[in-house]
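This is what each chain is made of:
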Amino acid sequence: QVHLVESGGGLVQAGGSLSLTCAASGSIFSINTMGWYRQAPGKQRELVATIPTGGSTNYADSVKGRFTISRDNAGNTVSLQMNSLKPEDTAVYYCNAHVIPLGTYGTRRYWGQGTQVTVSS
């Protein structure tokens, strides 16, 4: 079993900052790409940012220059620093990880339970 647990969501005024963290635990051999997605009410889940084990990060155009994704490979964690938040950033944010579980050969995609981020105007 592999579990992803997010923390750090909450309510913030427009222009403020929040930091999200996701910790992966369980029967993990290795983790490839980790990332953050979000889903606003009535909308489809969308990519926010991803970060591979090695290589360049990827951001949605809507968050470039405001959000920063980082990871701690030793601790199997990924974080998202969100600055200059806007009301349109309001959504449930989900952590995602491409994991090779112990005892397997394939990569499986896992999701966290989500954490609410609300930005008031």
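Residues numbered from 1 in each chain as written. Predicted model: local features only at pLDDT ≥ 70, side-chain atom pairs only at ≥ 80, totals over all residues. Heavy atoms only, no water.

A. Summary view of the overall build of the chain. Helix and strand counts for the chain come out as zero helices and 11 strands. Mapped from its N terminus to its C terminus, the chain presents α and β elements in the order β-β-β-β-β-β-β-β-β-β-β. Radius of gyration (C-alpha) of the chain: 14 Å, near the 14 Å computed for a compact globule of 121 residues. By principal-axis analysis of the C-alpha atoms, the chain measures approximately 50 × 25 × 25 Å. Residues counted as buried form 41% of the 121 residues belonging to the chain. For the chain, the share of sequence-separated contacts (at least 6 apart) that also reach a separation of at least 24 residues comes to 55%. With the model as given, the accessible surface of the chain reaches about 6200 Å², and the carbon-plus-sulfur share is 49%. Here the chain holds 9 positive side-chain charges and 6 negative ones, and the gap between their average locations is 5 Å. (Helix = DSSP H or I, 4+ residues; strand = E, 2+ residues; numbered from the N terminus. Rg over C-alpha atoms; globule rule 2.2 N^0.38 Å. Buried < 20%, exposed > 50% of the residue type's maximum accessible area, 1.4 Å probe, protein only. Contact = heavy atoms within 4.5 Å. Areas by Shrake-Rupley, 256 points an atom, 1.4 Å probe, with all protein chains shown as cover. Lys, Arg positive; Asp, Glu negative; His and termini not counted. Charge placed at Lys NZ, Arg CZ, Asp CG, Glu CD.)

B. A look at the pattern of salt bridges. Enumeration over the complete set of coordinates arrives at four salt bridges. The partner of Asp 89 in a salt bridge is Arg 66, with the nearest N and O atoms 2.8 Å apart. With Asp 89 in the loop between β8 (77-82) and β9 (91-101) and Arg 66 in the loop between β6 (58-59) and β7 (67-72), the pair connects residues that are 23 residues apart, well separated along the chain. Pair check on accessibility: Asp 89 and Arg 66 agree, each one buried. (Salt bridge = Lys/Arg side-chain N within 4 Å of Asp/Glu carboxyl O.)

C. Layout of the sheet that holds strand β1 (residues 2-7). Strand order in this open sheet of four strands is β1-β3-β8-β7, and the pairing throughout is antiparallel. In this open sheet, the two edge strands, each paired with only one partner strand, are β1 and β7. Going from strand to strand, the sheet's axes swing by 15° on average, the running direction of each strand aside. Across six bridges, the pairing between β7 and β8 is antiparallel. (Pairing = 2+ DSSP bridges. Axes fitted to C-alpha atoms, helices over the stretch in contact; angles between N-to-C directions.)

D. Local environment of the state of the cysteines. Counted according to the given criterion, the structure contains one disulfide. Disulfide partner of Cys 22: Cys 95, at an S-S distance of 2.1 Å. Between Cys 22 and Cys 95 the disulfide shows an S-S torsion of about -80°. By sign, it is left-handed. On the criterion of sequence distance, the pair formed by Cys 22 in strand β3 (residues 18-26) and Cys 95 in strand β9 is long-range, its members being 73 residues apart. (Disulfide = S-S within 2.5 Å.)

E. Just the side chain of Asp 89, in detail. A relative accessible area of 1% means that Asp 89 is categorised as buried. A distance of 3.0 Å separates the side chain of Asp 89 from the side chain of Arg 38, its partner in a polar contact. Each residue touching Asp 89, except ones within four places of it in the same chain, is listed here: Arg 38, Arg 66, Phe 67, Ser 84, Val 117 and Val 119. (Polar contact = N/O pair within 3.5 Å; in protein donor to acceptor, adjacent residues only side chain to side chain.)

F. Focus on the packing of aromatic side chains. Under the defined criterion, the tally for this structure stands at one aromatic pair. The cationic tip of Arg 45 hangs over the ring face of Tyr 94; the distance from NZ or CZ to the ring centre is 3.7 Å. Positioned above the aromatic ring of Trp 111 is the side chain of Arg 45, whose terminal nitrogen or guanidinium carbon lies 4.6 Å from the ring centre. (Phe/Tyr/Trp six-rings, centres within 6.5 Å; stacked < 30°, edge-to-face > 60°. Lys NZ or Arg CZ within 6 Å of the ring centre and 35° of its normal.)

Note that every value here comes from positions in space, so none of it alone points to a role or purpose.
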